Amino acid sequence: MIPTEMQVAMLRSVDDIAIERVAVPRLAEGELLVRTGAAGICTGDIMAWYVQRKAPLVLGHEPAGEIVAVGPGDAPRDESGRSFVPGDRVFVHHHAPCFSCGFCARGDYVQCATWRATRIDPGAIAEYFRVPRENVRDTLCLPEHLSYVDGSLVEPLACVVKSLRRAELVASDRVLCIGLGVMGLMHVALARNADAAVLGSDPIASRRERAQSLGARAVAPEELHDALAAWGGGADLVICGPGSSAALRAAFEACAPGGRVMMFTPLEPGAQFDLDPASFYFGDRRMIASYSCGPDDTRAALALLAAGVVSAERLGATIRPFAEVAAAYADLRAARCIKPILTF
Ligand SMILES: [Zn+2]
Ligand SMILES: [Zn+2]
């Protein structure tokens, strides 16, 4: 039996997250209702300037769960033509594109107006959520052996798949990851999986240890200069994790001639960032941004998770019951944990 009311994690500000009761969404034709199995808290959602613009909101956009109902009329189908049915274990992408506009035609899915307008209802950190018709196109069945916890990593991992694709990672690259939070660690894991050499930098010792367990060398920021000397002073690809001008400046300083800097995290609108244009130009350097991910990336991420290249356990994620969402969020903000994943 599906109840009429459910609990959700409501964020009014970064200091005010509470469990509230709302109505379980009703379905229209072509839609799905999913009972959440697990949902992660995104590091993007602890950026106060970013999340405050959207507040109040039901937290979360990284769910995996079980389909418990389909809308009236014809059941929606997956790409292979198979109908989705109650009992299917799925990952659902929060945003899905139209697949027919100019942006979609060239794979720039996150610029598609439909991608921007779509969202699961009311959010991922809720006992149930509705999958609108558009989002069904980026709803993927999980392989039987993949847990909901690992399935909840599809969206964040897809962002890293996209980042390394846009950065044109190759095996001969020497990659520096500035910041070894969960997204930095995922970059480490995927770059190592592609046989690239990886160096990581982070002030927190436990994060450096985790990066080392994933196959990187890891140093404290004050040791970075010396560590880069072994690579002739610079990395071919620098992944800039933190969303700050200081981190971007450090990324450019660590980028070898001919190299690339990946800006993985936004800065607050209006923030200033200065780089030496001469060094940028004569060094033939490139700066690339990578915002979120599209349906091609979620499929690639799911395959990597299914193959065990990345898992919640390998990353050191913290699994907690949904009832502890406020404490889990506070711990993430205070860098007391690397990735909280809530279970339902
Ligand atoms: Zn996210
Ligand atoms: Zn489109």
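Below is a short write-up of the structure. (Residues numbered from 1 in each chain as written. Chains lettered and ligands numbered in written order. Predicted model: local features only at pLDDT ≥ 70, side-chain atom pairs only at ≥ 80, totals over all residues. Heavy atoms only, no water.)

Things to note about the overall build of the chain
Secondary structure assignment for the chain yields 14 helices and 16 strands. Compactness check: the chain gives a C-alpha radius of gyration of 20 Å against a globular reference of 20 Å for 344 residues, within 12% of the reference. Principal-axis analysis of the C-alpha atoms gives the chain an extent of 65 × 40 × 40 Å. Counting across all 344 residues of the chain, residues that qualify as buried make up 53%. Relative to all contacts within the chain whose residues are 6 or more apart in sequence, the contacts with residues 24 or more apart total 68%. When the accessible surface of the chain is split by element, carbon and sulfur atoms take 51% of a total near 14,700 Å². (Helix = DSSP H or I, 4+ residues; strand = E, 2+ residues; numbered from the N terminus. Rg over C-alpha atoms; globule rule 2.2 N^0.38 Å. Buried < 20%, exposed > 50% of the residue type's maximum accessible area, 1.4 Å probe, protein only. Contact = heavy atoms within 4.5 Å. Areas by Shrake-Rupley, 256 points an atom, 1.4 Å probe, with all protein chains shown as cover.)

Focus: the coordination of the zinc ion (ligand 2)
Protein coordination at the zinc ion (ligand 2): the donors are C98 (SG), C101 (SG), C104 (SG) and C112 (SG), at 2.3 to 2.4 Å from the metal. Geometry at the zinc ion (ligand 2) is tetrahedral, judged from its four donor atoms and the angles of 104 to 115° they form at the metal. All donors of the zinc ion (ligand 2) come from a single chain, and their spacing in sequence reads C-x2-C-x2-C-x7-C. What makes C98 partly exposed here is its relative accessible area of 21%. You can call C104 buried: its relative accessible area is 4%. (Donors = N, O, S within 2.8 Å, 3.2 Å for Na, K, Ca; no water. Tetrahedral: all angles 85-135°; square planar, octahedral: opposite > 155°, others 65-115°.)

Focus on the packing of aromatic side chains
Per the counting criterion, the structure on display carries seven aromatic pairs. When the ring of F252 is compared with that of F280, the centres are 5.9 Å apart and the planes differ by 65°; the resulting orientation is edge-to-face. Taken together, the positions of F252 in helix α10 (residues 245-253) and F280 in helix α11 (residues 277-282) put the pair 28 residues apart, joining distant regions of the chain. Judged by its relative accessible area of 31%, F280 falls in the partly exposed class. Consider the rings of F322 and F344, whose centres lie 4.7 Å apart with planes at 25°: the pair is stacked. Here F322 is found in the loop between β15 (318-321) and α14 (325-333), whereas its partner F344 is found in the segment after β16 (340-343), with 22 residues between them in sequence. Judged by its relative accessible area of 35%, F344 falls in the partly exposed class. In textbook terms, an aromatic cluster arises when at least three aromatic residues are bridged by ring pairs, as seen for F252, F273 and F280. For R89, the ring lying beneath its charged end belongs to Y148, and the centroid distance is 4.7 Å. (Phe/Tyr/Trp six-rings, centres within 6.5 Å; stacked < 30°, edge-to-face > 60°. Lys NZ or Arg CZ within 6 Å of the ring centre and 35° of its normal.)

Here we look at the pattern of salt bridges
A full pass over the atoms with the stated rule returns 20 salt bridges. With its nearest N and O atoms 2.9 Å apart, the salt bridge here joins R320 to E324. When its relative accessible area of 16% is taken as the criterion, R320 is described as buried. R336 is paired through a salt bridge with D331; the nearest N and O atoms lie 2.8 Å apart. (Salt bridge = Lys/Arg side-chain N within 4 Å of Asp/Glu carboxyl O.)

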